[in-house]
Amino acid sequence: MDGHRMIMWRTGDGVRLRARSGRDVTTAWGDLALAGHHLPAGTVLDGEAVITTEDGRISFEAAQARAASSPVRARRMAAQRPAHHIAFDALQLPSGDAWPRPYSERLAALLNLLAELPANTPLQAASATTDRDTALTWYNTTKQRRRRHRRQTHHLPLPSRPHRRMAEDPAC
């Protein structure tokens, strides 16, 4: 996906959003934190915050701009283009830790949980299918987009490789 990866925690008294780095991003994604109050306490979801353009496409640039915004600017951006949280895993459910369970069970629990939310909530499950033809269509569509993106950016300079010592010891 082309969004901002985050964990959504619904606690007994609120909602916390954390980036993959562990940084608290609740203020940048306040509209999603507000929507997270529809979840039952004790829920932890893994997913991505995405923002769509007028034509319905997901905008990586818009998501990154929102993630890097001040709280005031993030609220203004949210009013112009609300975000969606696309969940792809339930790490914890009100009944307890879901992580040890097989993914198929966690996914079923996630779908059941999200089905009980109000229809207009920006919290939704990632698209998934067991139908081979549908999966191939999705794969080929994203493959074409990746090719277009490469053609548009192939002239950009590549970043230099990290020094071998830095690659082996990130403390350098």
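Just above, that's the structure.
Here's a quick rundown of the structure. (Residues numbered from 1 in each chain as written. Predicted model: local features only at pLDDT ≥ 70, side-chain atom pairs only at ≥ 80, totals over all residues. Heavy atoms only, no water.)

## Some points on the pairing of strand β3 (residues 43–50)
The buried fraction of β3 is high, at eight of eight residues. Bridging between strand β1 (residues 4–10) and β3 involves seven bridges; their strand directions are antiparallel. In the strand pairing of β3, H4 is matched with A49. (Buried < 20%, exposed > 50% of the residue type's maximum accessible area, 1.4 Å probe, protein only. Helix = DSSP H or I, 4+ residues; strand = E, 2+ residues; numbered from the N terminus. Pairing = 2+ DSSP bridges.)

## Observations regarding helix α2 (residues 60–67)
Taken together, the buried positions of α2 are A63, R66 and A67. Seen along its axis, α2 keeps its buried residues to an arc of 100°; they face one direction. Looking at the buried residues of α2, the elements they touch are β1, α1 (30–36), β3 and α3 (71–80). (Arc of directions from axis to C-beta. Contact = heavy atoms within 4.5 Å.)

## With respect to the packing of α2 against α3
Orientation of α2 relative to α3, taken along the N-to-C sense of each, is 145°, at an axis distance of 9 Å. Taking contact as the criterion, the partners of A62, A65 and R66 in α2 are, on α3, R73, A74, M77 and A78. Looking at the contact of α2 with α3 residue by residue, the classes come out as five nonpolar, no polar and two charged. (Axes fitted to C-alpha atoms, helices over the stretch in contact; angles between N-to-C directions. Nonpolar A, V, L, I, M, F, W, Y, C, P; charged D, E, K, R; others polar.)

## Details of the environment of W99
Relative to the helices and strands, W99 is located in the loop between β5 (96–97) and α4 (103–115). By relative accessible area, W99 is classed as exposed at 51%. On a C-alpha basis, the gap between W99 and D89 in space is 9.1 Å, while along the polypeptide they are ten residues apart. Ignoring any residue separated from it by four or fewer positions in sequence, one finds W99 in contact with D89, L91 and R106.

## Considering the nonpolar core
In terms of nonpolar packing, the biggest core is built from 28 residues, with M8, L17, W29, L32, L39, L45 and L114 touching the most fellow members. Secondary-structure elements contributing two or more residues to this core are β1, β2 (15–19), α1, β3, α2, β4 (84–93) and α4. It is α4 that provides the largest number of residues to this core, a total of four residues. Excluding anything up to four places from it in sequence, L39 contacts M8, R10, L45, L113, L114, L117 and L123. (Core = buried A, V, L, I, M, F, W, Y, C linked by side-chain atoms within 4.5 Å.)

## What about the environment of V44?
Inspection of the secondary structure puts V44 in strand β3. Taking the C-alpha atoms as reference, V44 lies 9.2 Å from A98; in sequence the two are 54 residues apart.

## What about α3?
For α3, the full list of buried residues reads A74, M77 and A78. Down the axis of α3, the buried side of the element spans an arc of 100°, and every buried residue falls inside it. Opposite the buried face of α3, by more than 90 degrees, sit the exposed residues R75, A79 and Q80. Elements in contact with the buried residues of α3: α1 and α2.

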